[in-house]
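# Structural overview for review
Each chain, written out:
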Amino acid sequence: MVHLSSFLLKTYHGGHVVIRLALGGVTNRPFYRIVAAYNKRARDGKYIEQLGSYDPLPNIHNEKLVAFNYERIKYWIGCGAHTTNPVAKLLGLAGFFPLHPMTITEAERSRRAASTEVKTDSQDLVEQ
Amino acid sequence: MAALSVARRLVKSYFCVKCVEKNVQVHLQTTTRLLCVSASRYSSVDAPKAQFTDTEVQDILSKITGLDLKKVFRPLRQQLTPPKYKLMTDTELEEAVHKAEEQAKHLLKMPPVLSERKPMNDVLAEDQMLEGMDTAKYVFTDINFNVPHRERFIVVREPSGTLRKASWNERDRIIQVYFPKEGRKVTPPAIFKEENLRGVFEQDRHEDVLNQCVVQFEPDSAEFKNVLMLTYEDIEKHGKYDLLRSTRFFGGLAWHLANGHRIDGLLVDMLQRDLMQDAVMLVRLFHLVHPQSESAQHAQRQQATDLDLLKIYAQYESNRAGFIELAVQNYEQTKVLSSV
């Protein structure tokens, strides 16, 4: 277990460790590091350990590269770390967690949007 | 599974870091000893083909490769340092030469010849409800240092929702992204395409291409085997065997030719350079690889050694029988004359 009182912040009561995405990169080019940090710290500030990375822009082969250090993630979850929603969604897509319900909802919404677009397009063509 | 672990050990032993060498060499010796034991048990039942990793085959191949120190230690493109001169006694000089020979043997370690890796495409999960979530694939890698690269989890989530294991090419590329290896590029350089290889072969730079190929590809990948095959074919076509002699690729070349029943060109080249022992060992290798061939059976019946082996091979299998017999006769005459 992580004993918060033995670490730096003696006045940090009721906080917990979080596994979240820390943003890096430059303008119009985001890059996230998957990081275990105290939840009151700044988003891009000092973290306890880096557990992986996530590149949201697809590369030449149309892949979004995500890296996870599963051993260390297991350790931190065992110490009582929480995960944020984006991290939980990514882990669900990876198969490490069960699928996040919002991933399924978003997929359904995008499919519905795509089908209504097709319907309006065909209606326009018919009217013309 | 045993084959996988052996292959893994072979690959590990080939790509080892210097400080881990000794342990790994012990590993390799134990694996070859194990393989040797199983081979001898088999040969009493029927006569199967010899494998690349048998001690006898490796012995023969390393002897044919030769140990020309001047070629092994020829100046490579390195940083220029002024030469060091040492004053030594005769015994110290012998020791230094001995050490140089051992280092040369290490440099001459042959890249392993493994069977081609089978394409793998296991599907771990099919979730149709995720269809349309994204236009791009997600590739998830396990970046744990303790896991060997062959056992690393690299999975791909397609836009259709299927979660599958990554193919071998994807695996190589992604492992190079997260665990970069010196000299390897993420996408294979254009030199390994056939048109470019032809230009390189005209410049007689087979060895450089092979060195690059060994660094770039895994030894059991299709591209590695393809490049090796193209190089060997070109050398065989033009008879440029001497380019690879005393390098670590000569064993692979001899093995490839022996498997394809085409050792005539190499034999003739050896006889022209008066390398009788090498020629005899090449014929022995051929008999090990093809124990069902006529010349192998004749040789075993007569228990032939040395020059008789060459004569039997010339008689039964060879296309250039006349040249080989003539060369053997000349050698015998010169031996008789020199002894007299």
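The structure we're discussing is the one just above.
Below, the structure is looked at part by part. This one's a predicted model, so the numbers in the text were calculated from it and none came from an experiment.

On to the packing of helix 11 (residues 264-272) of chain B against helix 12 (residues 276-289) of chain B, then. Residues and elements named next belong to chain B. Taken N-terminus to C-terminus, the directions of helix 11 and helix 12 make an angle of 160°; their axes are 8 Å apart at the nearest point. On the basis of their axis angle, the class for helix 11 and helix 12 is roughly antiparallel. Crossing of helix 11 over helix 12 shows left-handed handedness. Facing Leu266, Leu267, Met270 and Leu271 of helix 11, the residues of helix 12 in contact are Met276, Asp278, Ala279, Leu282 and Val283. In terms of residue class, the contact of helix 11 with helix 12 is made up of 8 nonpolar, no polar and 1 charged.

If you trace the 9 strands from one edge of the open sheet to the other, you get 5(A)-1(A)-2(A)-3(A)-4(A)-2(B)-3(B)-4(B)-1(B), paired in mixed fashion. Edge positions in the sheet fall to strand 5 (82-83) of chain A together with strand 1 (123-126) of chain B, since each of these pairs with one other strand and no more. Here strand 1 (residues 17-26) of chain A runs beside strand 2 (residues 29-38) of chain A; their pairing, made up of 10 bridges, is antiparallel. Across the sheet, Leu23 of chain A pairs through a bridge with Tyr32 of chain A, a residue of strand 2 of chain A. With respect to the sheet, helix 1 (residues 70-78) of chain A is in contact with strand 1, strand 2, strand 3 (49-54) and strand 4 (63-68) of chain A together with strand 2 (137-142) of chain B, its orientation differing from that of strand 3 of chain A by roughly 125°. Seen against the sheet, helix 2 (residues 85-94) of chain A touches strand 1, strand 3, strand 4 and strand 5 of chain A together with strand 2, strand 3 (154-157) and strand 4 (162-165) of chain B and runs at an angle of roughly 90° to strand 2 of chain B.

Right, let's get into the pairing of strand 4 of chain A. Residues and elements named next belong to chain A. For strand 4, the tally of buried residues reaches 6 of 6 residues, placing the bulk of the element in the interior. Across the two faces of strand 4 the burial is the same, with Glu63, Leu65 and Ala67 and Lys64, Val66 and Phe68 all buried. Judged from the 3 bridges that link them, strand 3 and strand 4 form a sheet pairing that is antiparallel. In the sheet register, Ser53 faces strand 4, and the bridge partner there is Ala67.

Listed as interface residues are 26 residues of chain B and, on the opposing side, 28 residues of chain A. Together, the buried faces of chain B and chain A total about 2300 Å²; carbon and sulfur atoms form 57% of this surface. Interface area lost by chain B to chain A is led by Met129, Tyr138 and Phe140 of chain B, which between them contribute 23%. Run the count over chain B and chain A and you get 2 salt bridges. Residues Asp134 of chain B and Lys64 of chain A are paired through a salt bridge, measuring 2.8 Å at the closest nitrogen-oxygen approach. For the pair chain B and chain A, the number of links is 15 residue pairs in polar contact (both at pLDDT 80 or more). Of all the secondary-structure elements, those providing two or more residues to the side of chain B that touches chain A are strand 2, strand 3 and helix 6 (168-178) of chain B. The leading source of residues in the side of chain B that touches chain A is strand 2 of chain B, at 6 residues. Class assignment for the residues of the side of chain B that touches chain A results in 13 nonpolar, 5 polar and 8 charged. Of the pairings in the sheet, the one linking strand 4 of chain A to strand 2 of chain B comprises 6 bridges and is parallel in character. Following the sheet pairing, Ala67 of chain A is matched in strand 2 of chain B by Thr141 of chain B.

The subject of this paragraph is the environment of Asp55 of chain A. Residue and element names in this part refer to chain A. Mapped onto the secondary structure, Asp55 falls in the loop between strand 3 and strand 4. Placed 30 residues apart in sequence, Asp55 and Gly25 show a C-alpha to C-alpha distance of 9.8 Å. Setting aside residues up to four positions removed in sequence, Asp55 forms contacts with Arg29, Pro30, Phe31, Lys64 and Leu65. Among the polar contacts listed, one links the side chain of Asp55 to the side chain of Arg29, at a separation of 2.5 Å.

Basis of the calculations
Residues numbered from 1 in each chain as written. Chains lettered and ligands numbered in written order. Predicted model: local features only at pLDDT ≥ 70, side-chain atom pairs only at ≥ 80, totals over all residues. Heavy atoms only, no water. Axes fitted to C-alpha atoms, helices over the stretch in contact; angles between N-to-C directions. Helix = DSSP H or I, 4+ residues; strand = E, 2+ residues; numbered from the N terminus. Parallel < 35°, antiparallel > 145°, perpendicular 65-115°, else oblique. Left-handed = near helix turned anticlockwise from the far one by under 90°. Contact = heavy atoms within 4.5 Å. Nonpolar A, V, L, I, M, F, W, Y, C, P; charged D, E, K, R; others polar. Pairing = 2+ DSSP bridges. Buried < 20%, exposed > 50% of the residue type's maximum accessible area, 1.4 Å probe, protein only. Buried area = accessible area lost by both parts, 1.4 Å probe. Salt bridge = Lys/Arg side-chain N within 4 Å of Asp/Glu carboxyl O. Polar contact = N/O pair within 3.5 Å; in protein donor to acceptor, adjacent residues only side chain to side chain.

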